[in-house]
Amino acid sequence: AAAAAPSPRWLHVASASAAGVASPAQRRRFFSWTDRGPVDAPLPDNIFLRILKGDAPASVVDDDGDLFSFRDKNPASDLHLLVIPRSFVRDASLLRGEQGAALVRRMETKARSLVLAEVGSSFDPAELALGFHWPPWYSVPWLHLHAIYPRSRLRRRYKYTPFSFKSPEWVVERCTGGKVRR
């Protein structure tokens, strides 16, 4: 009898997961591309949730009670900050209407002010890259705005392309159906 052809790895993990025998790490690796996680609450091991709770280390830059800002642990340039809302939103694709646009504007204002405070008088607005990774191109399912400075020293450019990295203006326009109000 001929040996059965091996099944693809993804099929094994999906079957094992459905049967309840795949490890959490296997499920995370497989489902990170197929399921972006719950919409209404973060998973308990979400790194941003752990940072907000104080269970994981972070270099905190600012916390105003609504928005929380810290340094990216793997910076893409000399200065790389993340601005997140304290309340959970999985990603920018879920933001809607004026309420979503207002959150994006607050995050953008916060990011600009923090970068300006760190850079000082040498700040060049053209060197500031602000953006959200658009699903499924993000590693942490929690809305977060990247503030990267200077843009000219950007590393890992493949992660910050117009295809997967959307500006706050683009997200606001999407939230408001093209009606951008500043």
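Our subject is the structure that appears above.
Residues numbered from 1 in each chain as written. Predicted model: local features only at pLDDT ≥ 70, side-chain atom pairs only at ≥ 80, totals over all residues. Heavy atoms only, no water.

> What exactly am I supposed to notice about helix α4 (residues 97-119) here?
Helical geometry note: an α-helix holds 3.6 residues per turn, so side chains three or four residues apart project in the same direction. Compared with an ideal rise of 1.5 Å per residue, which puts 23 residues at 33 Å, α4 spans 33 Å between its outermost C-alpha atoms and is within 8% of the ideal. Three or more residues of α4 are buried, namely G100, A101, L103, V104, R105, M107, E108, K110, A111, L114 and V115. If you follow the buried residues of α4, they end up packed against β1 (60-63), β2 (67-71), β3 (79-85), β4 (129-133), β5 (145-149) and α5 (168-176). Phi turns positive one or two residues past the end of α4, at G120, with a value near 80 degrees. (Helix = DSSP H or I, 4+ residues; strand = E, 2+ residues; numbered from the N terminus. Expected span 1.5 Å × (residues − 1). Buried < 20%, exposed > 50% of the residue type's maximum accessible area, 1.4 Å probe, protein only. Contact = heavy atoms within 4.5 Å.)

> What should I look at first to understand α5 in this one?
Of all the positions in α5, only P168, V171, V172, C175 and T176 are classed as buried. In a view along the axis of α5, the buried residues occupy a sector of 125 degrees, so they form one face of it. Count one or two residues on from α5 and you reach G177, which has phi positive near 65 degrees. (Arc of directions from axis to C-beta.)

> Explain the pairing of β1 to me, please; I cannot follow it from the model alone.
Each regular strand displays side chains that alternate between the two surfaces of the sheet. Where β1 lies against β2, three bridges are found, and the strand directions are antiparallel. Its bridge partner being in β2, D62 is matched across the sheet by S69. (Pairing = 2+ DSSP bridges.)

> Can you help me understand the sheet that holds β1 in this one?
Strand-to-strand pairing in sheets goes through backbone hydrogen bonds, with the strands running parallel or antiparallel. Spatially, β1-β2-β3-β5-β4-β6 is the arrangement adopted by the six strands of the open sheet, whose pairing is antiparallel. The open sheet terminates on both sides in strands that have one partner only, identified here as β1 and β6 (165-166). The strands touched by α4 are β1, β2, β3, β4 and β5; relative to β3, the strand with the most contacts, the crossing angle is about 150 degrees. Running at roughly 50 degrees to β4, α5 makes contact with β4, β5 and β6 of the sheet. (Axes fitted to C-alpha atoms, helices over the stretch in contact; angles between N-to-C directions.)

> Can you help me understand the pattern of salt bridges in this one?
It is possible for side chains bearing opposite charge to pair when their charged atoms get close. This model, assessed by the stated rule, comprises nine salt bridges. A salt bridge links D78 to R153; the shortest N-O distance between them is 3.3 Å. Here D78 is found in the loop between β2 and β3, whereas its partner R153 is found in the loop between β5 and β6, with 75 residues between them in sequence. For the salt bridge of D91 with R90, the shortest nitrogen-to-oxygen distance reads 2.9 Å. The same class applies to D91 as to R90, namely buried. (Salt bridge = Lys/Arg side-chain N within 4 Å of Asp/Glu carboxyl O.)

Any link to function would need more than the numbers given here.
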